[in-house]
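# Coordinate analysis (summary)
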Amino acid sequence: MLKIDSHQHFWIYDAVRGSWITDDMAVLRADYLPSTLLPILQQHHFDGSVVVQSDQSPAENLFQLKNAADNTFVKGVVGWVDLQAEDIEDQLADLKQYDKLKGFRHILQGEKDRALMLKPTFLNGISKLQAYGYTYDILIFPDQLKYAAELVAKFPDQPFVLDHIAKPDIKAGTIEEWKKDIVALAQHPNVHCKVSGMVTEADWKHWKGADFRPYLDVVFEAFGIERVMYGSDWPVCLVAASYQQTLGLMEAYTSELSSDEQGLFWGGNATKFYNL
């Protein structure tokens, strides 16, 4: 069975760039590079990974593309580009030289304008991606799910993937509004979902496997087995769980699936979505 970790990060820690890392996340105030992740992936029999941007700059693309070029296990890069730039098409054409650059992400969850993704300038940028074969990762909080549904409806042929199941408040057990909006988003067949980033939305010190099952049930039922993919969100997951614990949650949940269904979740869907 092909196994791909569809969502992980690399960085060289910088206090300014990493200002989002609070004191209770101090474990992340360190360098996290391919040499650290590779033995973990090998231990758990993964065939490769997709590295996702954590800084919004052109330099981030070059850094991650070098990581990918130097490490064959890094099968794809989700980078960043200023989708609102007037010369967005020229930038995309220039970036096409990098085979491992598969798509882009903007940190929408952190924007003051919660509906930034629906601004004409942003929509213009999204409209250019399909022609170059690029995907788009949607990083949002639950309050932005309605806007995301509007976004994906405008571009039915553009491949989108929702990161971290939209970060519901698992710690508080809040689910109903999120569930309604997830089901609505999943009605659009061009949207996939990364089953990732959940442990950091739970009680970091006291979570248990049962906390996640209601949310997983919603996601698997709404998107179906052909549109969900595994992501560890390493190293961010380390604030609440080891790589092995994060992995174990999904191994337990998917254990009742058929071998074909497991194959889709653990690697097949990510490989197809990102054209790895």
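Up top is the structure these notes are about.
A brief look at the structure comes next. Here the structure is a predicted model, which means the values were calculated and not measured.

### Quick word on the pairing of strand β2 (residues 48-52)
Along β2, five of the five residues are buried, which leaves the element largely enclosed by surrounding structure. Burial along β2 is two-sided: G48, V50 and V52 facing one way and S49 and V51 facing the other are all buried. Note that strand β1 (residues 4-8) and β2 share three bridges and pair parallel. Within β2, the residue paired with Q8 across the bridge is V51. Of the pairings in the sheet, the one linking β2 to strand β3 (residues 74-79) comprises four bridges and is parallel in character. By the bridge assignment, V50 is partnered in β3 with G76. Regarding the hand of the β-α-β motif, the stretch spanning β2, helix α2 (residues 58-70) and β3 is right-handed.

### Some remarks on the packing of aromatic side chains
In this structure the tally under the stated criterion is 18 aromatic pairs. Relative to Y134, the ring of F104 lies with its centre 4.8 Å away and its plane at 70 degrees, an arrangement referred to as edge-to-face. Residue F104 is found in strand β4 (residues 101-106), and its partner Y134 is found in the loop between α4 (120-129) and β5 (135-138); the two are separated by 30 residues along the sequence. As far as the burial class goes, F104 and Y134 line up, both buried. Among the aromatic residues, those joined into a cluster by ring pairs are F46, F220, Y230, Y243, Y253, F265 and W266. Positioned above the aromatic ring of Y134 is the side chain of K96, whose terminal nitrogen or guanidinium carbon lies 4.7 Å from the ring centre.

### Overview of the environment of A270
Relative to the elements of secondary structure, A270 occurs in helix α9 (residues 259-274). On the basis of relative accessible area, A270 is assigned to the buried category, the value being 1%. Each C-alpha atom of the pair A270 and K3 lies 9.1 Å from the other, and the pair is 267 residues apart in sequence. In contact with A270, other than residues within four places in its own chain, are I4, S6, M229, N275 and L276.

### Here's the deal with the packing of helix α3 (residues 88-95) against α4
Where α3 meets α4, the axes come as close as 10 Å, and the angle between the chain directions of the two elements is 35 degrees. Where α3 crosses over α4, the handedness of that crossing is right-handed. Contact residues: I88, E89 and L92 in α3; N124, G125, K128 and L129 in α4. Classifying every residue of the contact of α3 with α4 gives three nonpolar, two polar and two charged.

### Side note on unusual backbone geometry
For the bond running from W234 to P235, omega is 0 degrees, close enough to zero to count as cis. Considering the arrangement of structural elements, one finds P235 in the loop between β8 (228-230) and α8 (243-254). Of note in this structure, D233 is not a glycine but carries a positive phi near 60 degrees. With relative accessibility at 5%, the residue D233 sits in the buried group. Positive phi values are uncommon outside glycine, yet N275 reaches one of about 55 degrees. In this structure, N275 sits in the segment after α9. Residue N275 is classed as exposed on the basis of its relative accessible area of 59%.

### Thoughts on the nonpolar core
Counting residues in each nonpolar core, the largest one holds 82 residues, and the members touching the most others are W178 and M250. Ranked by residue count, the leading element in this core is helix α7 (residues 213-223), at seven residues. Beyond its immediate sequence surroundings of up to four residues, W178 is in contact with P142, L145, I165, A166, P168, Y215, V218 and V219. Core analysis: the second largest hydrophobic core is formed by nine residues, V50, V78, A270 and F273 among them.

### Digging into the packing of helix α6 (residues 176-186) against α7
Following both chains from N to C, one finds α6 and α7 inclined at 20 degrees, their axes separated by 9 Å at the closest point. When the axis of α6 is compared with that of α7, the two are roughly parallel. Here the hand of the crossing between α6 and α7 comes out right-handed. On α7, the residues that touch W178, K179, I182, V183 and A186 of α6 are Y215, V218, V219, A222 and F223.

Each value, and the rule that gives it
Residues numbered from 1 in each chain as written. Predicted model: local features only at pLDDT ≥ 70, side-chain atom pairs only at ≥ 80, totals over all residues. Heavy atoms only, no water. Buried < 20%, exposed > 50% of the residue type's maximum accessible area, 1.4 Å probe, protein only. Helix = DSSP H or I, 4+ residues; strand = E, 2+ residues; numbered from the N terminus. Pairing = 2+ DSSP bridges. Right-handed = clockwise from strand over helix to strand, strands pointing away. Phe/Tyr/Trp six-rings, centres within 6.5 Å; stacked < 30°, edge-to-face > 60°. Lys NZ or Arg CZ within 6 Å of the ring centre and 35° of its normal. Contact = heavy atoms within 4.5 Å. Axes fitted to C-alpha atoms, helices over the stretch in contact; angles between N-to-C directions. Left-handed = near helix turned anticlockwise from the far one by under 90°. Nonpolar A, V, L, I, M, F, W, Y, C, P; charged D, E, K, R; others polar. Core = buried A, V, L, I, M, F, W, Y, C linked by side-chain atoms within 4.5 Å. Parallel < 35°, antiparallel > 145°, perpendicular 65-115°, else oblique.

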